[in-house]
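# Structure assessment
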Amino acid sequence: MAAPILVTGGTGTLGRLVVPRLRDAGYEVRVLSRRRREGGAGVEFVTGDLATGEGVEAAVAGTEIVVHCAGGAKGDEVKTGHLVRAGSPAGVRHLVYISVVGADRVPVASGLDRAIFGYFASKLAAERVVADSGLPWTTLRATQFHDLLFMVVRQLARLPVIPVPAGIRFQPVDAGEVADRLVELALGAPAGLVPDLAGPRVYELAELVRSYLRAGGRHRPILPVRVPGKAARALRDGANLAPDRAVGRRTWEEFLAGRVTSPAGGARRRSRRVAGPRRS
Ligand SMILES: NC(=O)c1ccc[n+]([C@@H]2O[C@H](COP(=O)([O-])OP(=O)(O)OC[C@H]3O[C@@H](n4cnc5c(N)ncnc54)[C@H](OP(=O)(O)O)[C@@H]3O)[C@@H](O)[C@H]2O)c1
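Residues numbered from 1 in each chain as written. Predicted model: local features only at pLDDT ≥ 70, side-chain atom pairs only at ≥ 80, totals over all residues. Heavy atoms only, no water.

## Notes on the overall build of the protein chain
Each helix and strand in the protein chain was counted, giving nine helices and eleven strands. The C-alpha radius of gyration computed for the protein chain amounts to 20 Å, which stays within 12% of the reference 19 Å derived for 280 residues, consistent with globular compactness. Projected onto its principal axes, the C-alpha coordinates of the protein chain cover approximately 55 × 45 × 35 Å. Taken across its 280 residues, the protein chain has 49% of its residues classed as buried. Partitioning the intrachain contacts of the protein chain with sequence separation of at least 6 by distance along the chain shows that 77% fall at a separation of at least 24. Counting every atom, the protein chain has about 13300 Å² of accessible surface; 53% of that belongs to carbon and sulfur. For the protein chain, the separation between the mean place of its 41 positive charges and that of its 26 negative charges on side chains is 9 Å. (Helix = DSSP H or I, 4+ residues; strand = E, 2+ residues; numbered from the N terminus. Rg over C-alpha atoms; globule rule 2.2 N^0.38 Å. Buried < 20%, exposed > 50% of the residue type's maximum accessible area, 1.4 Å probe, protein only. Contact = heavy atoms within 4.5 Å. Areas by Shrake-Rupley, 256 points an atom, 1.4 Å probe, with all protein chains shown as cover. Lys, Arg positive; Asp, Glu negative; His and termini not counted. Charge placed at Lys NZ, Arg CZ, Asp CG, Glu CD.)

This is the structure in structure tokens:
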């Protein structure tokens, strides 16, 4: 029987879409999480913390393929370091990593850059940890998921006046499509850094905010704010975009339609309502 595939971050937005896809492909899956959880058919949960390394060796033991989806706003290079050190003696033959488009193009020079955009530097450092690990590897860079941008615009829309970094654009991609690609890569041969995966269209952040407000039948003034620093300039120049790799199919509008419907249609979302007064 094939060894189980370890999915770090298998409880997150991306990882929980990867797990059922690996199951559908016929693999047993092991999920590493910081919290104790009940497993299910073909899915085992192990408790561990990549930030400290606790429990990571046991999580990796007996696996040959690791899909590394665990991550956060900072410290991914440390988490990835603990994973690869546990992976080397365990006989991992393929480590698959998800990074972000622009990891190598957003300069994090000053304290301000680091405070706002340190995520990109951390992803690049983690990519290097993967490439230098001695393990066979594949890294995919994706643009921002719909879910993340939805969370951002929902938070911003709570403000009476919405400050939006001027000139910064996004190319949202469907997390399910990223999961499809990661699984395809995980089940193939190690391929190094593969072509980026980006969504079908580029939007100004203000445009994403406006479409969210419109879908909920609301209006708010938007205030463009110029963010200083080299990282922000790189983003204004499109460092986080990959227009030549706009291979994602599901659009922001389709995603939004599944989350927010117009007030005329009942103003209901699958998860939570658009912020605003409840209708009786
Ligand atoms: N979101 C995006 O737009 C986007 C775009 C490109 C690339 N990516 C990358 O894709 C990956 C997944 O993103 P996501 O949006 O799915 O993240 P997410 O929803 O925030 O989930 C983060 C996952 O990481 C796990 N995790 C965090 N810290 C951990 C630690 N110290 N030890 C073990 N597990 C830990 C969490 O597991 P527990 O809480 O269960 O421990 C959770 O499953 C990340 O590497 C991210 O950088 C994301």
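Resuming the write-up.
## As for the sheet that holds strand β9 (residues 192–193)
The strand order across the open sheet built from seven strands is β3-β2-β1-β4-β5-β6-β9, with neighbouring strands paired in parallel fashion. Both outer strands of the open sheet, β3 (43–47) and β9, are each paired with one neighbouring strand and no more. Relative to β9, strand β6 (residues 137–142) is paired through two bridges, and the arrangement is parallel. Following the sheet pairing, Thr-138 is matched in β9 by Gly-192. Sheet strands in contact with helix α4 (residues 111–131) are β5 (94–100) and β6, and its direction is about 165° off that of β5. (Pairing = 2+ DSSP bridges. Axes fitted to C-alpha atoms, helices over the stretch in contact; angles between N-to-C directions.)

## Brief notes about the site of the ligand
Taken together, 27 residues lie near the ligand, and Thr-11, Ser-33, Asp-49, Tyr-119 and Lys-123 sit nearest. Protein contacts shield 87% of the accessible area of the ligand, which totals 890 Å² for the unbound molecule. When residues of the shell around the ligand are traced back to their parent elements, those giving at least two are α3 (76–90), β5 and α4. If you tally residues by element for the shell around the ligand, the top one is β5, at three residues. Taken together, the residues of the shell around the ligand break down into eleven nonpolar, nine polar and seven charged. (Near = heavy atom within 4 Å. Nonpolar A, V, L, I, M, F, W, Y, C, P; charged D, E, K, R; others polar.)

## Side note on the nonpolar core
Among the nonpolar cores identified, the biggest contains 33 residues, and Phe-117, Leu-208 and Trp-252 are the most heavily contacted of them. No other element matches helix α7 (residues 205–215), which puts seven residues into this core. The contacts of Leu-208, once residues within four sequence positions are left out, are Leu-149, Val-153, Phe-170, Pro-172, Tyr-203 and Trp-252. Leu-22, Ile-65, Val-67 and Leu-185 belong to the second-largest nonpolar core, a separate cluster that totals 27 residues. (Core = buried A, V, L, I, M, F, W, Y, C linked by side-chain atoms within 4.5 Å.)

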